[in-house]
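Residue-level structure breakdown
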Amino acid sequence: MPPSRKAALKEKRALEQLQACGDRAEAATKVVLLGGIGCDFGTQPHDVFEHLTTFDVVCKGVALPPGRSQALIWFDSIVEAQHCVDVIDRTTLQKANKRVFAAYADASHPKVDQARVRAFVPNPARHVGHAREASVSTTATQQQCDAYASTMPPGLLLLDEFITIEEERELLERVTQQREAEWFSLSQRKVCHYGHYFDYTSFQVTTDDVPPIPVWLAPIITRITELPITNGHGPANQLTINSYDPGDGIAPHVDAPWAFQEYIYILSLESGIAMQFDKIVGDPTSRSHGQHASCESPQTAHDHTYSSASTSTEPPSTSSAVAPSVELYLHPRSLVVVTGEARYNWTHTIPSRKTDIVDGIQRHRSHRVSLTLRAVKSASKQ
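In what follows, the accompanying structure is described. (Residues numbered from 1 in each chain as written. Predicted model: local features only at pLDDT ≥ 70, side-chain atom pairs only at ≥ 80, totals over all residues. Heavy atoms only, no water.)

What follows is about the environment of Thr91. By the secondary structure assignment, Thr91 is in the loop between helix H3 (78-88) and strand S5 (92-93). Considering only alpha carbons, one finds Thr91 and Ala102, 11 residues apart in sequence, at a separation of 9.3 Å. Beyond its immediate stretch of four places on either side in the chain, Thr91 contacts His51, Phe55, Lys98, Arg99 and Val100. A polar atom in the side chain of Thr91 sits 3.0 Å from the side chain of His51. (Helix = DSSP H or I, 4+ residues; strand = E, 2+ residues; numbered from the N terminus. Contact = heavy atoms within 4.5 Å. Polar contact = N/O pair within 3.5 Å; in protein donor to acceptor, adjacent residues only side chain to side chain.)

Here it is as structure tokens:
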């Protein structure tokens with residue numbers, strides 16, 4: 001069905017704007033310009049990524065610079081960029097209901113270089129589709145899913161775009177409305193507990209009086225419990241809200257296995273961040289109790305790190321060795337589920353730095369809020 005006269009005029013204008021772009025290249029490059037869409041019209045980088053995956057096109061990054069009606073897409077090679085132009089040109093981006101036009105961008109142009117620094121990096125090998133479909137992958141190819149399974153610690157699942165932009169905005173508004181008295185500061189972040197309180201001195205969940213988990217989080221918790229990976233486990237009953245400034249981080253740790261049950265859920269808001277997972281060397285079940293890697297208290301600022309078999313609260317050892325390491329970039333609105341081997345046999349950490357290098361692209365950190373949901377085993381009386 002041909003486009004309406006109005007739509008045809010818009011497409012003509014979009015094509016003319018694309019051809020007139022100052023950063024457009026005549027010859028093929030590793031960067032593709034996609035005309036006819038823009039963030040000012042509501043299109044998100046993830047929409048572009050999903051459109052590419054329907055054609056089995058895998059890119060390094062996507063940017064939708066403000067004030068432009070074009071997207072920029074980066075590839076590892078000119079051949080991959082050429083394939084993208086061949087299969088994507090004049091196709092319809094379903095979420096925007098707009099036809100897009102493909103050309104090449106000058107990779108050395110200042111506008112392209114500036115957009116690249118803050119590009120959305122989809123990491124398709126780790127993309128697992130939209131969580132509401134409760135599918136392991138609704139957009140990634142089987143090869144990409146296999147790559148995800150082979151590189152990630154067993155039991156670790158990343159769900160990009162678990163919540164919408166509007167839901168993220170509402171959650172952030174709720175968080176900023178929390179009373180200042182409910183927050184307390186650690187050396188590299190502020191935290192706020194709900195449902196149950198975790199004592200960073202005794203490393204135990206206590207019966208200290210804290211507010212219940214807010215009712216405004218109930219729909220998100222319900223959505224989490226409906227995920228197939230939860231295997232029917234009950235909902236979380238402990239919430240920790242973390243507030244990070246650029247440069248903040250957390251030391252390597254395993255969330256206290258004697259205090260919390262198996263499933264850990266981490267929802268990222270406002271800013272993305274790199275989280276590193278390190279395999280604990282040796283058989284965790286054969287190590288002696290009390291072999292923690294680090295502890296956290298309001299004074300020391302570093303998170304508690306425990307071996308999976310540890311039940312002691314003796315002073316920690318700092319000599320724990322780790323082997324394989326995987327760094328995972330957590331985009332805003334993404335959910336990480338940590339269970340099984342990833343929960344007990346791998347430490348996770350947030351390196352203390354102000355930028356992350358993701359697939360060769362530098363990404364600046366901004367203020368980040370994370371919601372960590374867990375289920376306690378039992379609470380001790382203090």
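Here we come to empty space enclosed by the protein. If you roll a probe as big as a water molecule over the atoms, it shows you where there is empty space left. Taken as a whole, this structure holds one cavity of 30 Å³ or more when the rule is applied. Lining the largest cavity are 20 residues; nearest its centre among them are Asn242, Ile250, His253, Asp255 and Thr372. Among the elements that line the lining of the largest cavity, the one with the most residues is strand S22 (residues 368-374), at four residues. (1 Å grid on protein atoms, 1.4 Å probe; cavity = no way out; pocket = protein on both sides within 12 Å on 5 of 7 lines; lining within 4 Å. Points joined across faces, edges and corners; volume = space filled by probe spheres on them.)

Let us now look at the layout of surface pockets. Counted as a void, the second largest pocket has a volume near 440 Å³. Taken together, 14 residues line the second largest pocket, and the ones lying closest to its centre are Ala7, Lys10, Glu11, Gly36 and Lys98. Listed by contribution, the elements that provide at least two residues to the lining of the second largest pocket are helix H1 (5-19) and strand S6 (98-99). Residue contributions to the lining of the second largest pocket peak at seven residues, all from H1. Here the lining of the second largest pocket is composed, by residue class, of three nonpolar, five polar and six charged. (Nonpolar A, V, L, I, M, F, W, Y, C, P; charged D, E, K, R; others polar.)

Moving on, we come to the sheet that holds strand S1 (residues 24-25). In spatial order, the strands read S1-S7-S2-S4-S3; together these five strands make up an open sheet with antiparallel pairing. Unpaired on one side and paired on the other, S1 and strand S3 (61-63) mark the two borders of the sheet. Of the strand pairs in this sheet, strand S2 (residues 31-35) and strand S7 (residues 101-105) are connected by four bridges, and their pairing is antiparallel. Counterpart to Gly35 in the pairing with S7 is Phe101. Here helix H2 (residues 45-53) sits on the sheet and contacts S2, S3 and strand S4 (70-74); the angle it forms with S4, its principal contact strand, is near 60°. Sitting on the sheet, H3 is in contact with S2 and S7, with an inclination near 160° to S7. (Pairing = 2+ DSSP bridges. Axes fitted to C-alpha atoms, helices over the stretch in contact; angles between N-to-C directions.)

Quick look at the packing of aromatic side chains now. For the structure shown, the criterion picks out two aromatic pairs. Ring centres of Tyr263 and Tyr265 lie 6.4 Å apart, and the angle between their planes is 20°; this geometry places the pair in the stacked category. Given a relative accessible area of 7%, Tyr263 falls into the buried group. Residue class for Tyr265 comes out buried when judged on its relative accessible area of 4%. Directly above the ring of Phe162 sits Arg223, whose terminal nitrogen or CZ lies 5.7 Å from the centroid. Residue placement shows Arg374 over the ring face of Phe260; its charged tip is 4.0 Å from the ring centre. (Phe/Tyr/Trp six-rings, centres within 6.5 Å; stacked < 30°, edge-to-face > 60°. Buried < 20%, exposed > 50% of the residue type's maximum accessible area, 1.4 Å probe, protein only. Lys NZ or Arg CZ within 6 Å of the ring centre and 35° of its normal.)

A few words now on helix H6 (residues 165-176). Taking 1.5 Å per residue, 12 residues should reach 16 Å; H6 reaches 17 Å between its end C-alpha atoms and fits that length. Considered for burial, the residues of H6 that qualify are Glu167, Glu168, Leu171, Leu172 and Val175. The arc that holds the buried residues of H6, viewed along the axis, is 135°, so those residues lie on one side. Elements that come into contact with the buried residues of H6 comprise helix H7 (218-225), strand S13 (238-244), strand S15 (264-269) and S22. (Expected span 1.5 Å × (residues − 1). Arc of directions from axis to C-beta.)

This part takes up the pattern of salt bridges. In the structure shown here, the tally under the stated rule is 14 salt bridges. The partner of Asp23 in a salt bridge is Arg68, with the nearest N and O atoms 2.6 Å apart. Of the two residues, Asp23 is situated in the loop between H1 and S1 and Arg68 in the loop between S3 and S4; the sequence distance between them amounts to 45 residues. Classification of Asp23 by relative accessible area gives buried; the value is 2%. With a closest N to O distance of 2.7 Å, Arg223 and Glu167 form a salt bridge. On the criterion of sequence distance, the pair formed by Arg223 in helix H7 and Glu167 in helix H6 is long-range, its members being 56 residues apart. (Salt bridge = Lys/Arg side-chain N within 4 Å of Asp/Glu carboxyl O.)

Our focus in this paragraph is the environment of Ser352. Note that Ser352 resides in the loop between strand S19 (346-350) and strand S20 (355-358). Here Ser352 falls in the partly exposed class, since its relative accessible area comes to 46%. Separated by 105 residues in the primary sequence, Ser352 and Gly247 have C-alpha atoms spaced 5.0 Å apart.

The element S22 is largely enclosed, with a buried count of seven among its seven residues. On S22, burial covers both faces: Arg368, Ser370, Thr372 and Arg374 on one face and Val369, Leu371 and Leu373 on the other are all buried. Pairing of S13 with S22 involves seven bridges; the strand directions are antiparallel. Following the sheet pairing, Gln238 is matched in S22 by Arg374. Relative to S22, S15 runs antiparallel, the two sharing five bridges. Counted as the bridge partner of Leu269 is Val369 from S22.

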